[in-house]
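What follows is each chain in one-letter form.
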Amino acid sequence: MKFTDLDLIDPVLSALKDKGYSEPTPIQEKAIPFVLDREDLLGVAQTGTGKTAAFSVPIIQLIHQFDGGHSRDAVLRCLIVTPTRELAIQIDENIRDYSKYTKTSHTVIFGGVKQHSQVQALKRGVQILVATPGRLLDLISQGYISLNDIKMFVLDEADRMLDMGFINDIKKLLKMLPEDRQSLFFSATMPDNILQLSKTILDNPKKVEVTPKSSTAETIKQYVYYTNRVTKHSLLVHILKNEDIEHVLLFSRTKHGADRIVRNLKKSNIHAAAIHGNKSQNQRQKALKDFKNGKLRVLVATDIAARGIDIDKLRYVINYDIPNVPETYVHRIGRSGRAGEEGIAMSISEPEENSFIRDVERLINQKIEIVEGHPFPQTERPMSAAEKKEWNKEKQKRKQEYHANRKKSSNGRGRQYSRR
Ligand code: AMP
């Protein structure tokens, strides 16, 4: 199947050609005709399947056909709501690319930054608005956005939206949308609560589903390095000596862990930056931009921060630790090998994480290839239950001593300070 088989107009086809897409992904093949037919859509698909183009390409076409290009009195026709800022920015960037020959006007709004430039963009007249829920409701209540002329509504990543506590915002929003509209609803998973929510939004929808990550095994080569806890960093530096690894997304379970990895990599002259919840929006965007532009070699991310970020042609993913929830592993490595690209996922397991590797193997129903003969092999064994208990006690003791010492030294400083 080709894009030309999908009833798409020339300006859209040219833009897709410029992007270098030769044929539609399965979700695009299925969804685009329904959207062009003005049907409501229930899409079960995750990021990485090409779902953004699946909804934005036909939306751009419909707006172009019904409303024409942007004019001073452009009215808002389409609202796309998505849970994270990164995802919102990416969707808007995609819309910019796909609409480059149509003059459709669009903008993106999200929280965590000043609203001024977003308000200015809205005032210039926008046909497609991509938004995160909080900032959207805020700017609606300030009177900068009217939903009265909306003809199309997209709720993206509905399951994450609910995970992130946006349900009340969504309910509020639904009350403000015109009844007579076309709605598209996307979610990676479809548990009961999401299905119920979809029923309050969609009218007799067409269902489109793309098989999630069973393709993982086919398109992603997976390796595991067994090592000790103390040699993890040296092993990582050893892995990164391979210059083929030009860019890599590296996962860390914790924010502090992510910062520590970046500090250590910098000591080895490896250009790295972290994105996680303690970083400002600007820091996160800069790191992501540098990574996408190829200026940054290693992007270290926590699972939450990595949600929804889309990086074109990402070949390598490294798990610096092994998640204890095997689905998280599948999510992480799904960031490589996107849209038919071959990906490579490497995991570094310390003795305490060996059992997590076995859990993953059970879930994906596949053995992960072990890298033998590296310079930092695992020589320790996992702790027994009794040792673990002892170690936890010891950790607790060390923590208390640390805090007691800190208190003492800060008291000392306090006295010194008051003497001066
Ligand atoms: P998405 O699921 O929308 O986040 O898209 C995942 C990635 O696939 C993005 O980097 C898109 O640029 C890319 N992509 C989308 N559609 C196609 C296509 N038809 N052919 C090749 N790549 C695509």
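Everything that follows concerns the structure shown earlier in this document.
Every value quoted in this text rests on a predicted model; they were computed, and no experiment measured them. Residue numbering note: each chain is counted from 1, following its sequence as written. Residue-level local features of this predicted model are given only where pLDDT is at least 70; pairs of side-chain atoms are given and counted only at 80 or more, and the full residue set underlies all totals for whole chains, interfaces and linings. To obtain the side-chain values, all non-hydrogen atoms of the structure were used and water was disregarded.

Focus: the sheet that holds strand β12 (residues 316–319)
Thinking step 1. The 7 strands lie next to each other as β10-β11-β9-β12-β13-β8-β14, forming an open sheet whose pairing is parallel. Only two strands of the sheet have a single partner each, and these edge strands are β10 (272–275) and β14 (369–370).
Thinking step 2. Any two strands are treated as partners once DSSP identifies two or more bridges connecting them. Here a strand is any run of E in DSSP of at least two residues, a helix any run of H or I of at least four, and the numbering for each starts at the N terminus. In this sheet, β12 lies alongside strand β9 (residues 248–251) in parallel orientation, the contact comprising 4 bridges. In the strand pairing of β12, Leu-249 is matched with Val-317.
Thinking step 3. Against the sheet, helix α11 (residues 232–239) touches β8 (220–226), β9, β12 and β13 (343–349), its axis set at about 155 degrees to β13. Contacts were defined at the residue level, with two residues in contact if any of their heavy atoms lie within 4.5 Å. All axes are obtained by fitting lines to C-alpha atoms, using only the stretch in contact for helices, and the reported angles, taken between N-to-C directions, cover 0 to 180 degrees.

A closer look at the packing of helix α3 (residues 51–67) against helix α4 (residues 85–98)
Thinking step 1. Packing of α3 against α4 brings their axes to within 10 Å, and their N-to-C directions diverge by 45 degrees. On the basis of the axis angle, α3 is oblique to α4. As for the relative orientation of α3 and α4, their crossing is right-handed in sense. Residues Thr-52, Ala-53, Phe-55, Ser-56, Val-57 and Ile-60 of α3 lie in contact with α4, whose contacting residues are Ile-91, Asn-94, Ile-95 and Tyr-98. Each angle gets one of four labels, with under 35 degrees taken as roughly parallel, over 145 as roughly antiparallel, 65 to 115 as roughly perpendicular, and the rest as oblique. Left-handed describes a crossing whose near helix is turned anticlockwise from the far helix by less than a right angle; the clockwise case is right-handed.

Description of the pairing of strand β4 (residues 128–131)
Thinking step 1. For every residue, the accessible area (1.4 Å probe, protein chains only) is compared with the maximum for its type, and the residue is labelled buried under 20%, exposed over 50%, or partly exposed between those bounds. Side chains of β4 alternate between two faces, with Ile-128 and Val-130 and Leu-129 and Ala-131 buried alike.
Thinking step 2. Strand direction decides the pairing type here: strand β2 (residues 78–81) and β4, joined by 4 bridges, are parallel. The partner of Ile-80 across the bridge, within β4, is Val-130.
Thinking step 3. In the sheet, strand β3 (residues 106–109) pairs with β4 via 4 bridges, with the strands oriented parallel. Bridge pairing links His-106 to Ile-128 in β4.

A closer look at the environment of Asp-5
Thinking step 1. Along the chain, Asp-5 turns up in the segment before α1 (10–19).
Thinking step 2. Judged by relative accessible area, which is 52%, Asp-5 ranks as exposed.

Re the packing of helix α6 (residues 133–141) against helix α8 (residues 167–176)
Thinking step 1. α8 packs onto α6 with a crossing angle of 45 degrees between their chain directions and a minimal axis gap of 10 Å. As the angle between them shows, α6 and α8 are arranged oblique. The handedness of the crossing between α6 and α8 comes out as left-handed. The residues of α8 that touch α6, namely those facing Pro-133, Gly-134, Leu-136, Leu-137 and Ile-140, are Asp-169, Lys-172, Leu-173 and Met-176.
Thinking step 2. Of the residues that constitute the contact of α6 with α8, the class distribution is 6 nonpolar, 1 polar and 2 charged. Residue polarity follows a fixed list, in which Ala, Val, Leu, Ile, Met, Phe, Trp, Tyr, Cys and Pro are nonpolar, Asp, Glu, Lys and Arg are charged, and the others, Gly among them, are polar.

A few points about the sheet that holds strand β1 (residues 41–44)
Thinking step 1. In space, the 7 strands of this open sheet follow the order β3-β4-β2-β5-β6-β1-β7, with parallel pairing throughout. Since the sheet does not close on itself, it has two edges, and those belong to β3 and β7 (206–209), each with one partner. Each adjacent strand pair in this sheet contributes to an overall mean axis angle of 15 degrees, direction not counted.
Thinking step 2. As paired strands, strand β5 (residues 152–155) and strand β6 (residues 182–187) are joined by 4 bridges and run parallel to one another. The residue bridging Leu-155 from the neighbouring strand is Phe-185, located in β6.

Focus: the pattern of salt bridges
Thinking step 1. A pair is scored as a salt bridge if a Lys or Arg side-chain nitrogen falls within 4 Å of a carboxyl oxygen belonging to Asp or Glu. Enumeration according to the criterion identifies 22 salt bridges in this entry.
Thinking step 2. The partner of Asp-321 in a salt bridge is Arg-332, and the shortest N-O contact between them spans 3.1 Å. Separated by 11 residues along the polypeptide, Asp-321 in the loop between β12 and α15 (326–333) and Arg-332 in helix α15 bring together distant segments of the chain. This pair shows no difference in class: Asp-321 is buried, exactly as Arg-332 is.
Thinking step 3. Linking Arg-398 and Glu-394 is a salt bridge whose minimum nitrogen-to-oxygen distance equals 3.1 Å. With Arg-398 and Glu-394 both in helix α17 (residues 385–419) and 4 residues apart, this pair spans about one turn of that helix.
Thinking step 4. Residue classification places Arg-398 among the partly exposed residues on the basis of a relative accessible area of 46%.
Thinking step 5. You can call Glu-394 partly exposed: its relative accessible area is 30%.
Thinking step 6. One salt-bridge network, held together by shared partners, links Lys-51, Asp-156, Glu-157 and Arg-160.

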